[in-house]
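Residue-level structure breakdown
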Amino acid sequence: GVEQDYYTPVADRSAYDYVIGSVHYVRAADGLCQVDAALPRFGEELARMGGAQAFVKAYYENVMDCVQRQRPEVVGHFDLVCKNNEAARFFDEDAPACRRLALEALALLKGLPAGAALVAAAVVGGTLALTGKHGGSPFCGGGRYGSRPV
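Notes on the structure follow.

Conventions and cut-offs
Residues numbered from 1 in each chain as written. Predicted model: local features only at pLDDT ≥ 70, side-chain atom pairs only at ≥ 80, totals over all residues. Heavy atoms only, no water. Salt bridge = Lys/Arg side-chain N within 4 Å of Asp/Glu carboxyl O. Helix = DSSP H or I, 4+ residues; strand = E, 2+ residues; numbered from the N terminus. Buried < 20%, exposed > 50% of the residue type's maximum accessible area, 1.4 Å probe, protein only. Phe/Tyr/Trp six-rings, centres within 6.5 Å; stacked < 30°, edge-to-face > 60°. Polar contact = N/O pair within 3.5 Å; in protein donor to acceptor, adjacent residues only side chain to side chain. Contact = heavy atoms within 4.5 Å.

1. Concerning the pattern of salt bridges
- Applying the stated rule across the entire model yields eight salt bridges.
- Here K57 and E61 are joined by a salt bridge, their closest N and O atoms 2.5 Å apart. One end of the pair, K57, and the other, E61, are both in helix α2 (residues 52-70), four residues apart, so they sit about a helical turn from each other.
- In this structure K57 comes out as partly exposed when scored by relative accessible area, which is 40%.

Given below as structure tokens:
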């Protein structure tokens, strides 16, 4: 299989057994903002989008559009937007507005082809098991991303 970014879909899907659809960027007025940018750049990316709420909204809208238009067999790291949000540093992952956006995107996963899976970035997820740290919301990734040292 192959992982494709939302903004650069794979040209020839027939060359692969499956496609992982992932969102790594959101569009701001002045260009693309990187969802998993390293700190402190992540804070700058949020500001470019007009704040965390607009950033999270754009991320999940891209996830939903990816699912609807690109129809990947697998959706990659659904909670990537939470990667740099340890201890709610930038936004409250459990806030009703944030939860609603994530749940709307999850609802679209029902339309994926039979056998499709929701995949979280296993390398980052393994950090929690290795360190025992749990810095994020149980709702948004169970702290997998928040457990990474920054």
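2. Things to note about the packing of aromatic side chains
- Applying the stated criterion to the full structure yields five aromatic pairs.
- With a centroid separation of 5.1 Å and an interplanar angle of 75°, the aromatic rings of Y59 and Y60 are classed as edge-to-face. Taken as a pair, Y59 and Y60 share a single burial class, namely buried.
- Ring geometry for Y60 and F78: centres 5.2 Å apart, planes at 45°, overall tilted.

3. Observations regarding the side chain of N85
- Structurally, N85 can be placed in the loop between β5 (74-76) and α3 (96-108).
- For N85, the side chain forms a polar contact with the side chain of E93, separated by 2.8 Å.
- Each residue touching N85, except ones within four places of it in the same chain, is listed here: F90, F91 and E93.

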